[in-house]
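Letter by letter, the chains look like this.
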Amino acid sequence: MAKKKVLLMGKAHSGKTSMRSIIFANYLARDTMRLSPTLDVEHHHVRFLGDLVLNLWDCGGQDAFYESYFERDRETIFRSVELLIYVFDIESDCPEKDFDHFAGVLEAIEENSPEARIFVLVHKMDLVAEEEREMILEDRRRLIEEFCASCGVHNFQCFGTSIWDETLYKAWSEIVTNLIPNIGVLESHLDDFCRICDADEVVLFERATFLVISHAQLKKGGGGDGPDGLLEADRAATGEGTGGEDGDDGGGGIDAVESEDNGDAGYLPEGMTADESVAQSSVHPTSSSGNSLNQQAKSGTIVQRKNSPHFDAHRFEKISNIVKQFKLSCGKAQSQFQGMEVRNSRFCAFIDAFTANTYIMVIISQPGVHTAATTLNIKNAREHFERFIPRSWM
């Protein structure tokens, strides 16, 4: 079991505890109104992807507490930090004092945890007029960048966030991904899975928080709006699909074959035809010793963590929010969420429990890809991906 120390800091009433409660304690945004201000430091041990434990230090933001953080408890607070998340309130009435506190935090981090990764959240962006948000966020980001540079800090990431929309999930997905030790290997195998399924996109979500862990996109000739269509379907409207041409080259890493009838690609056990595999849906992936991608498998250019101009840049986080709220509704009805399928004339979206600690979403717009092939691919890939999303961490 690995523990990662995460510092959550910022001025009082900036929204630190609210965002933590939404992401890790399944609060709805409206329910955070009843949360009381954090006094001193609250410690929370949050499990993520099984046995990866986030040792989250939620630090109160009153001036008196900062005096303690910087003097008496300096080493205790800032030692062995993996991640620093500093929250600015976009409507703060004392921005100069906020930056003074931020400077003290950066200095203490550089002194005690120089390898810590730094994330800055400009929070409560919903309070800014929508037409001005981008401009104001860029202006604030520039100020933060200049301030960090003056303190000798050049590596950090900055996000605009609100508890009322998908921006909170976007920021925290990027943050927690930095704590996954084998993320590169996982992404590589997700690329292969996306190509094998002939999917427009494949997204991996952490089971408890529904934060996005990884994403693979199959770039095709026509482009499209599969995930955006899923969002529209949630609003009882019709989405746009993705069309395009298939590539010819193969990849490596996972056993697959190409169906002669309809071009569907899938995970198949050794020695079994596509028809036999569909008929025997209880089959498992082959052993790692025999893993090699059939050269006839469908192929394309994988774009990792990048968005096609045809897609909504926040589509995954919007879906995270929608599905997590639906999961909570299922729990209130004493039902367990397993998965869902959304289909219209343009695309089909599969969301299903995947490994012990993840859910997967597969977006398919190719009409020749049958539902049975996709669901079988998901089922047969579970055991393979369990090796790259282990229940315990070194």
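Residues numbered from 1 in each chain as written. Predicted model: local features only at pLDDT ≥ 70, side-chain atom pairs only at ≥ 80, totals over all residues. Heavy atoms only, no water.

**Some words on the nonpolar core**
The cut-off we apply is this: By nonpolar core we mean a set of buried residues, namely Ala, Val, Leu, Ile, Met, Phe, Trp, Tyr and Cys, connected to one another through side-chain atoms within 4.5 Å. Exposure categories follow from relative accessible area, calculated using a 1.4 Å probe and restricted to protein chains: below 20% of the type maximum is buried, above 50% is exposed, and the middle band is partly exposed. Put simply, DSSP marks the helices as runs of H or I at least four residues long and the strands as runs of E at least two long, and each gets a number from the N terminus on. Should any heavy atoms of two residues lie within 4.5 Å, those residues are considered in contact.
Judged by nonpolar contacts, the single largest core of 54 residues is most densely connected at Leu121, Trp172, Phe193 and Ile360. If one sorts the elements of this core by residue count, helix H6 (residues 167–177) sits on top with six residues. The residues touching tryptophan 172, leaving out its near neighbours within four places in the chain, are Leu8, Met19, Ile23, Phe24, Ile85, Leu121 and Leu211. Leu7, Tyr86, Val105 and Phe156 belong to the second largest nonpolar core, which has 34 residues in total.

**A few points about the pairing of strand E16 (residues 358–364)**
As a reminder, the rule being used: What makes two strands pair is DSSP finding at least two bridges between them.
The buried fraction of E16 amounts to seven of the seven residues, a majority that puts the element mostly inside the structure. Burial of E16 is two-sided: the residues Thr358, Ile360, Val362 and Ile364 facing one way and the residues Tyr359, Met361 and Ile363 facing the other way are all buried. Direction of pairing for strand E7 (residues 201–206) relative to E16: antiparallel, over a ladder of six bridges. By the bridge assignment, glutamate 201 is partnered in E16 with isoleucine 363. Across six bridges, the pairing between strand E15 (residues 348–353) and E16 is antiparallel. In the strand pairing of E16, cysteine 348 is matched with isoleucine 364.

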